[in-house]
Structure formats: structure tokens, C-alpha cells
Amino acid sequence: MHTKLRLSVLFIGFLMMTYPGGLWAEESASGVNQEIEQLLQVDELSIRGAEILTQEFILDVYQNRGFAPYWTQPDRVKELMELINDSVDHGLNPADYNIDQVQQVLQSRLDNPAVQTKAEADILLTESLLRYGYHRRFGKVKASTLDPDINFRRETFKQQSFSTNIEQGLASSSLTDFIELLAPIGMVYEKLQAQMKFYRQLAADGGWASIPEGPTLHPGDQDERVALVRSRLSATSRITDSDVQDPTLFDKALENAIEDFQFRHQLDQDGVVGPLTLASLNMSVEERINQIRASLERLRWARQENADKLVVVNIAGFRAFFIKNGEIEWETKAMVGKHYRQTPVFRGDIAYL
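Thresholds applied
- Sequence order sets the numbering: in each chain, residues are counted from 1 along the sequence as written.
- This being a predicted model, a pLDDT of at least 70 is required before a residue's local features are given, and a value of 80 or more before pairs of side-chain atoms are given or counted; all residues contribute to the totals for chains, interfaces and linings.
- No hydrogens and no water enter the side-chain calculation; it runs on all heavy atoms of the structure.
- For salt bridges, the criterion is a side-chain nitrogen of Lys or Arg within 4 Å of an Asp or Glu carboxyl oxygen.
- Secondary structure elements are defined from DSSP: runs of H or I of at least 4 residues count as helices, runs of E of at least 2 residues count as strands, and each element is numbered from the N terminus.
- Working definition: with a 1.4 Å probe on protein chains only, accessible area under 20% of the residue-type maximum means buried, over 50% means exposed, and in between means partly exposed.
- Two strands pair if DSSP finds at least two bridges between them.
- Whether two residues are in contact is decided by their heavy atoms: any pair within 4.5 Å suffices.
- Polar contacts here mean pairs of N or O atoms no more than 3.5 Å apart (in protein, one a potential hydrogen donor and the other a potential acceptor; neighbouring residues in sequence count only if both atoms are side-chain atoms).
- The reported arc concerns the directions from the helix axis to the C-beta atoms and nothing else.
- Aromatic rings from Phe, Tyr and Trp, taking only the six-membered ring of Trp, are treated as a pair when their centres fall within 6.5 Å; an angle between ring planes under 30 degrees marks them as stacked, one over 60 as edge-to-face, and anything in between as tilted.
- By the criterion adopted, a ring carries a charge over it if an Arg CZ or a Lys NZ lies within 6 Å of its centre and within 35 degrees of its normal.
- On a scale of 0 to 100, pLDDT captures the predictor's confidence in every residue.
- Helix axes are fitted to C-alpha atoms over the stretch in contact, other axes to C-alpha atoms as well, and angles between N-to-C directions run from 0 to 180 degrees.
- Angle categories are assigned with fixed cut-offs, so that under 35 degrees is roughly parallel, over 145 is roughly antiparallel, 65 to 115 is roughly perpendicular, and the rest are oblique.
- Ten residue types, Ala, Val, Leu, Ile, Met, Phe, Trp, Tyr, Cys and Pro, are classed as nonpolar, four, Asp, Glu, Lys and Arg, as charged, and the remainder, Gly among them, as polar.

A. Representation of the pattern of salt bridges within the structure. Considering all chains together, one arrives at 15 salt bridges under this definition. Residue Arg230 pairs with Asp251 through a salt bridge whose shortest N-O separation is 3.5 Å. One end of the pair, Arg230, is in helix H11 (residues 224–235); the other, Asp251, is in the loop between H11 and helix H12 (252–264), with 21 residues separating them in the sequence. Look at Asp251 and you get partly exposed, because its relative accessible area is 24%. With its nearest N and O atoms 2.7 Å apart, the salt bridge here joins Glu305 to Arg347.

B. Representation of the pairing of strand E4 (residues 319–324) in the model. The pairing of strand E3 (residues 309–314) with E4 spans 6 bridges and is classified as antiparallel. Along E4, the bridge assignment pairs Val311 with Phe322. Here E3 folds back onto E4 in antiparallel fashion, the turn holding 4 residues, of which Phe318 has a positive phi close to 55°. What sits between the antiparallel neighbours E4 and strand E5 (residues 327–333) is a turn of 2 residues, in which Asn325 has the positive phi angle 50°.

C. Spotlight on the environment of Phe157. The topology assignment puts Phe157 in the loop between helix H7 (143–146) and helix H8 (162–171). On the basis of relative accessible area, Phe157 is assigned to the buried category, the value being 12%. As for Phe157 and Arg137, which are separated by 20 residues in sequence, their C-alpha atoms are 8.3 Å apart. Once you skip the residues sitting within four places of it in the chain, Phe157 turns out to touch Arg137, Asn165, Gln168, Phe178, Leu181 and Leu182.

D. Focus on the side chain of Glu305. Counting through the fold element by element, Glu305 comes out in the loop between helix H14 (285–302) and E3. Glu305 gets classed as buried once you look at its relative accessible area, which sits at 12%. A polar side-chain atom of Glu305 sits 2.7 Å from a polar atom in the side chain of Arg347. The contacts of Glu305, once residues within four sequence positions are left out, are Phe152, Arg153, Leu310 and Arg347.

E. Local environment of unusual backbone geometry. One non-glycine residue with positive phi stands out, namely Glu44, at about 50°. Its place among the elements puts Glu44 in the loop between helix H2 (29–40) and strand E1 (46–47). Owing to a relative accessible area of 77%, Glu44 belongs among the exposed residues under this scheme. Here the phi dihedral of Gln266 falls at roughly 55°; this positive angle occurs in a residue that is not glycine. Following the sequence through the fold, Gln266 ends up in the loop between H12 and helix H13 (275–281).

F. Structural detail: helix H9 (residues 175–182). If you check which residues of H9 are buried, you get Leu175, Phe178, Ile179 and Leu182. Along the axis of H9, the buried positions cluster into a sector of 100°, meaning they face one direction only. Residues Asp177 and Leu181 are exposed on H9 and point more than 90 degrees away from its buried face. Among the structural elements, helix H4 (74–85), helix H6 (115–138) and H8 are those in contact with the buried residues of H9. Two or three places before Thr176, at the opening of H9, Ser174 has a side-chain oxygen 3.4 Å from that residue's backbone nitrogen.

G. The packing of aromatic side chains, seen in detail. Summed over the entire model, instances satisfying the criterion amount to 9 aromatic pairs. Taking the centre distance of 6.0 Å and the plane angle of 45° together, the rings of Phe138 and Phe162 count as tilted. Here Phe138 is found in helix H6, whereas its partner Phe162 is found in helix H8, with 24 residues between them in sequence. Here Phe138 and Phe162 have matching classes, each one buried. Among the aromatic residues, those joined into a ring-pair cluster are Phe57, Tyr134, Phe138 and Phe162. When the ring centre of Tyr70 is taken as reference, the NZ or CZ atom of Arg65 above it lies at 3.9 Å. For the cation-ring pair, Arg232 lies above Trp208, with the distance from its terminal atom to the ring centre recorded as 3.7 Å.

H. Representation of the confidence of the model for the protein chain within the structure. Looking at the protein chain as a whole, its pLDDT mean stands at 88, while 92% of the residues score no less than 70. Within the protein chain, the lowest mean pLDDT, 35, falls on helix H1 (residues 2–18), and the highest, 97, falls on H13. Predicted confidence for residues 1–27 stays below pLDDT 50, and this span has 42 contacts to residues more than four positions away or in other chains.

I. Structural view of the sheet that holds E3. Pairing within the open sheet is antiparallel, and its 3 strands lie in the order E3-E4-E5. The open sheet has two edge strands, E3 and E5, and neither has a second partner. Sheet twist, expressed as the mean angle between neighbouring strand axes with direction ignored, is 20°.

J. Spatial organisation of the packing of H4 against H9. Relative to each other, H4 and H9 sit at 45°, their axes nearing to 9 Å. With respect to H9, the axis of H4 lies oblique. Each of Arg76, Glu79, Leu80 and Leu83 in H4 lies in contact with H9, whose residues at this interface are Leu175, Thr176 and Ile179. Its residues placed into classes, the contact of H4 with H9 shows 4 nonpolar, 1 polar and 2 charged.

What follows is the structure, given as C-alpha cells:
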């Protein structure tokens, strides 16, 4: 991803030197307008192998300005490329925003700045922005398709049409600032992003070794597997093993670290390494990253439920929270359903207690 970002920056810089008057300085703008209009009238438009999934929205966006191109400023193209590359920080996939096809059409526009190539580039860039903005606002998956009980709000920014939102974004002085208005992330989201960055670095460094199955490990035990447990917890900075005289001894410090691990993963805090704790310890770093990505997606679903006063129930964590003005005022344990009688995921208004 970093390579693609460097390529786009260098490419745009070259365009600025080649066309100091703008990308369309040497071509009649009306020709590009006509080509954009003709392309958007095609059924199931595809550009460089990328399906234009938001064609109906894009048609509205361009009709409102006489099909004039949007992406005439190199800085605006650069900003979008940076947003797409940085989508990994939100647990998203740059490929979903046609990053390869965008690079191809931008290169083609440089090699052969014909009207059709310019029109294709403009539409594809708008498609990428619309997809990205939609995913940041609502999430990549529609929650109700996974669970019909989920009734979270899905309101557009300022309750305008999404095509209007995109027009506003394209007309704004900064795409990045507009996306943050469209889809603010918040404190919990930021913490999850930091955790994902931490685990991705762990993955790049090789992750952690798996602990072999065996008898339950108790405080006071001496076992070669204890050293692996200690190393596993050390990988996530939950214990320091550099000053331990005997890493195979299940000492008090390791017991405390196990209890902390069990608390964070909603396991019985018994301080021993039984089958469930071992399975959680052995979950790979890649699986942990995917868990965080799923959590970021769920936060995008629920983000529009923010209110001055809010009760949140974390079903998986067996906890309930009362939140006031963005701060947790009170929390408690919560009882939840079983697999055969699950607690529904939904939103609602509390009339009385």
C-alpha cells in the first residue's frame, strides 16, 4: 500500500508540471462533459474492469453540474488516494475503492490524455470517493442483513440525499475534513484503531508461538509450557519476563497476568490455564486483528445512536453502561441470553425505569 501511495504522489507532481493550467487546460471542457454523460448512460458501466456500483448516485451528482468533471485539481486526487490508502486504519480494504484501477486510469490519462480517458478517470475517482464515504458513514455491511432485529439508524449526513453529501464533499476545501464531519470516529473507535495498529505490528514481527495442549497449569506448577505462556503474555506487554529467574515456574506475577487476561477476554478469573484460557491464548494475531476489524465495523453501524444520555449493553462482554455526555457514568454486570434464546441486538427509547 505504501508503494502505491508514493507512486500516486510522484505521478500527480509530474502532472502539475506538465499541465500548469490544470489537467484539462489543453482540451475543451465540453468534450469531457459530453463523454461523462454518454458513459453514465451506459447500462452497468465498468471502467478498467471496475464495476461502477453507484452509477445511479453518480449520475445525479454529475447531472446537477452539467456533467462537468470534478477531479481537475491534482491536490484533490492526491487527497483521495491518501484516504484510500489509509482506509486500512479503519479495518477497510483499499481494493474495495478500486485503487489498482484508479492507478491504471490515471497513468493512461498521462500517457494518452484523450477525452474518453479523462472522463473515465473522473467517474472512477467519484465512484471510489462515494464507496469510501458510504462505508465510513454506514459501514461496509448492512447490519439488518445479518440480523433482522438490528434496527440501528441509517441516516444520511444532515438527512440529505447521499448524492448531495458527495457533492458537498467534492466542493469542500478538504475531503479529509469533510469525511470526518460525515463520519466522526470518537474515543472508542480511536482506541480500537490504536489496538489494531499494535497487533498489525506484532503480526509483522512474527506474532506469537502457539502453546501445546496439555494438563491445566496452576500457580506453583513447574512446566516447560509455562515459559511459553509467559512469552505469549509478554508479546502483548501484559507481563515482563526479562528479570524472571525461572521462566518455567508459574509464579504470582504470572497468575496475576493470567487473571487480567481472563478478565479482558470474559473468562472465569481463576488464575489457571485451562482449556478455554489456552484456546484464547492460542488465537492467532491475525484472528485478533479480524476481531478488531469487526468491532470497528459494528461501531460504524451504531455510531448514529449517540445521544446525550445513552444506555449501552455489551452482550458479548456481559456488561451494561450508562453514558452521559460521552463519558461512562456507571456500569454493571448484565445477564444475557443463550444460543437458543439470544438477546436481540436493537435500539429503542427508554420511557421509564
